[in-house]
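Summary of the model geometry
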Amino acid sequence: MITVSCSVETGQPAPEYRSSGLLFRQGDDLAWADPSHWVGANAVATRPQEPGNWWLSATITLDRDLRSDDDPALRVRVPGAIEVFWDGQRIGADGEIGSDRESERPGRHGVWMALDPRLTSSGAHVVVVRVSSHRLLRMHGPINLQVVNRAVYERSLLRRTSFFLFCAGLLLCSAVVIELLHRSIGARADTRWFATLTALVGVLLVLEYARFVYPYPYHWHFLRLIAISALTLAVGVLLPVFVALHLRTASSRFVAVGALAMLLVFVALIPLFPDPDAHSLYILRLSVGVTVLLALLGALRARKGAGWILTAAAANLPPIALTGQRYADHWFFVGFLAMVGVLFMRVIARLRKRARESELALLRTERLRNELLRKTIQPHFLMNSLAVAISQIEDAPARGVALLRDLASELELFLAIGDRESVELREELELCTRHVATMSHLLDRTLSLDLHVSAAAAGSELPPGVLLTLIENAITHGDYSAASHITVRASYEDSGLVIEVANPSAPRETVSDGTGLRFVRSQLERQPYGQWAVSYRFVVDHWLVRLQRAPHNRREEPSFGVGS
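Now for a quick tour of the structure. No experiment lies behind these values; they were computed from the predicted model shown.

**Re the environment of E179**
By the secondary structure assignment, E179 is in helix α1 (residues 150–185). Residue E179 is classed as buried on the basis of its relative accessible area of 19%. Once the C-alpha coordinates of E179 and W193 are considered, the two residues, 14 residues apart in sequence, prove to be 9.3 Å apart.

Below is the structure:
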């Protein structure tokens, strides 16, 4: 369909006149520039279906004579290199007509042709366009002719384009900020989904409105529509996914299955919507409908913020029902910006809460770490160690020197890894081994670590000092009248990484977290990889502490047998 319109009243909307004389001809003959050659059986009303050389003719009727202060111009959108004739007189061209792909120089998607006021008297005028479209992947693209007041039209277009491109930049910046906050604070996974969704809509806005700023070559138009369809498909799936995860209206597994089902439905119905615009509209309608239902479910379950999300999503329903294709081109972005505003405030509030929790956790961890240092490497400990060393050097020099060497080795390794965010389990075990050796000298008792650690587990990461704290607790509270070893087991099970520390101990009537276990829990809560669980219990005559971490990715799963 060709739309022809005339708009010359300053600041007024353009009245539209639909052409009743739209005709096409396949081939290339310069004689067809004369309007008289379009009377006859050779001209048809069917648009050519194959790329190549072709002509089109349309009749534009002006309701009055146009003057120079009307700044009249013909805006042409035809997919191809073009040459334009007004009542048989050539008024301009864009690109270079060619007989094949190599000889053609592509035209742009949307150009202006200035109109001499002497050519724009009231009445009917015949516009003839010569076209070559050898670079099209398929015969698709708008055909649009408009006679407008160019200055007024461009100002109106600039206002609308600037607003949406500004919004696109705002969305892209918001996506970057949210992603950086997510990385630094470690918020819930739905925050990253929101950042991705916001970035996709920002790119979608750029693709939709940058064409008014940059008139791209005509053969890019179909590729642009494909990109818009793909982005719309992604947005259509991610919008309800984010709302479901944010409001926790369904489990993660159910959300994943639902997202896959939506994707398959969208793809399966593509043949019913050969026009990309119609397919995009269908996707957005269904996506917004599902989002409204999820927000309503969240509101019924009294989820925090569900009412605001429901209001913002439901505000899209009237434009969907009343505006048709204009919803996909304009109203969706307006409605989505409202939803983004609401969701952005919700996400920022959650990130601020997470930041406060992280700051408090960090302060608590530092306090517990200082307590642990005072407990493990306190002046009393050092004084006892040096006193024992001096005594042993006097009586048994070899034992005294061994104690000093073990103590220096332990302190050296502790200082090397104590300030790191995470260490490998094998490094932590080496520190524990040195500490046990030092304590054996101080307690004058043979203590040892009985290690059963798989190769896969030895390379796992955990916060420094966690295992050392458990070993220190085992030495302090253990009962070594019958046994002198502490057992450490670490391996991967179906439930993930499991670390167990067992030491002989007498049963207790009451058990609770002391400084050591509080430090362990605090450190593990700050670990960015996976979720840890800490438990402890008596097993026959042993005190058993169990650390368990669910796998955070499949690469962490062991692919070989467990060995000692």
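Okay, back to it.
**Observations concerning the pattern of salt bridges**
Tallied over the entire structure, the rule returns 15 salt bridges. Of the charged contacts in the structure, one is a salt bridge between R130 and E83, with a shortest N-O distance of 2.9 Å. Taken together, the residues span a long stretch of sequence, with R130 in strand β9 (residues 123–132) and E83 in strand β6 (residues 81–86) at a distance of 47 residues. We classify E83 as buried; its relative accessible area is 11%. The salt bridge partner of R150 is E154, with a shortest N-O separation of 3.3 Å. Taken as a pair, R150 and E154 lie in helix α1 at a separation of four residues, close to a single helical turn. Judged by relative accessible area, which is 33%, E154 ranks as partly exposed. If you follow the salt bridges from partner to partner, you end up with D28, E83, R90 and R130 in one network.

**Here's the deal with the sheet that holds strand β7 (residues 89–94)**
The pairing of strands in a sheet happens through backbone hydrogen bonds and is either parallel or antiparallel. Strands sit in the order β3-β4-β9-β6-β7 across an open sheet of five strands; the sheet is antiparallel. Every other strand in the sheet has two partners, leaving β3 (23–26) and β7 as the edge strands with one partner each. This sheet shows a mean twist of 20° between the axes of neighbouring strands, independent of strand direction.

**As for the sheet that holds strand β17 (residues 542–549)**
In spatial order, the strands read β12-β14-β15-β17-β16; together these five strands make up an open sheet with mixed pairing. Two strands close off the open sheet at either side, each with one partner strand: β12 (448–453) and β16 (532–539). For this sheet, the mean inter-axis angle between neighbouring strands, taken without regard to orientation, is 15°. Where strand β14 (residues 485–493) lies against strand β15 (residues 496–504), seven bridges are found, and the strand directions are antiparallel. What sits directly across from T487, in β15, is A502. Strand contacts of helix α11 (residues 425–443): β12, β14 and β15, with the helix running at about 165° to β12, the strand carrying the most contacts.

**As for the packing of α11 against helix α13 (residues 466–477)**
Viewed as axis vectors pointing N to C, α11 and α13 meet at an angle of 25°, and their least axial separation amounts to 9 Å. The angle between α11 and α13 falls in the class roughly parallel. Taken as a pair, α11 and α13 cross one another with a handedness that is right-handed. Contact residues: L425, E428, L429, L431, C432, H435, V436, M439 and L443 in α11; V466, L467, L468, I471, E472 and I475 in α13. Per-class residue counts for the contact of α11 with α13 are twelve nonpolar, one polar and two charged.

**Notes on unusual backbone geometry**
One non-glycine residue with positive phi stands out, namely D71, at about 50°. Assignment of secondary structure puts D71 in the loop between β4 (53–62) and β5 (72–77). Within the chain, R248 stands out as a residue other than glycine whose phi angle is a positive 55°. Take R248: it is sitting in the loop between α3 (220–247) and α4 (252–268). Given the relative accessible area of 52%, R248 is considered exposed.

**What to know about the packing of aromatic side chains**
Summed over all chains, the structure comprises nine aromatic pairs. With a centroid separation of 6.3 Å and an interplanar angle of 45°, the aromatic rings of Y214 and W220 are classed as tilted. We classify Y214 as partly exposed; its relative accessible area is 46%. Among the aromatic side chains, those forming a connected cluster through ring pairs are W32, W55 and F85.

What counts and how
Residues numbered from 1 in each chain as written. Predicted model: local features only at pLDDT ≥ 70, side-chain atom pairs only at ≥ 80, totals over all residues. Heavy atoms only, no water. Helix = DSSP H or I, 4+ residues; strand = E, 2+ residues; numbered from the N terminus. Buried < 20%, exposed > 50% of the residue type's maximum accessible area, 1.4 Å probe, protein only. Salt bridge = Lys/Arg side-chain N within 4 Å of Asp/Glu carboxyl O. Pairing = 2+ DSSP bridges. Axes fitted to C-alpha atoms, helices over the stretch in contact; angles between N-to-C directions. Contact = heavy atoms within 4.5 Å. Parallel < 35°, antiparallel > 145°, perpendicular 65-115°, else oblique. Left-handed = near helix turned anticlockwise from the far one by under 90°. Nonpolar A, V, L, I, M, F, W, Y, C, P; charged D, E, K, R; others polar. Phe/Tyr/Trp six-rings, centres within 6.5 Å; stacked < 30°, edge-to-face > 60°.

Remember, this is a structural readout, not a statement about activity or role.
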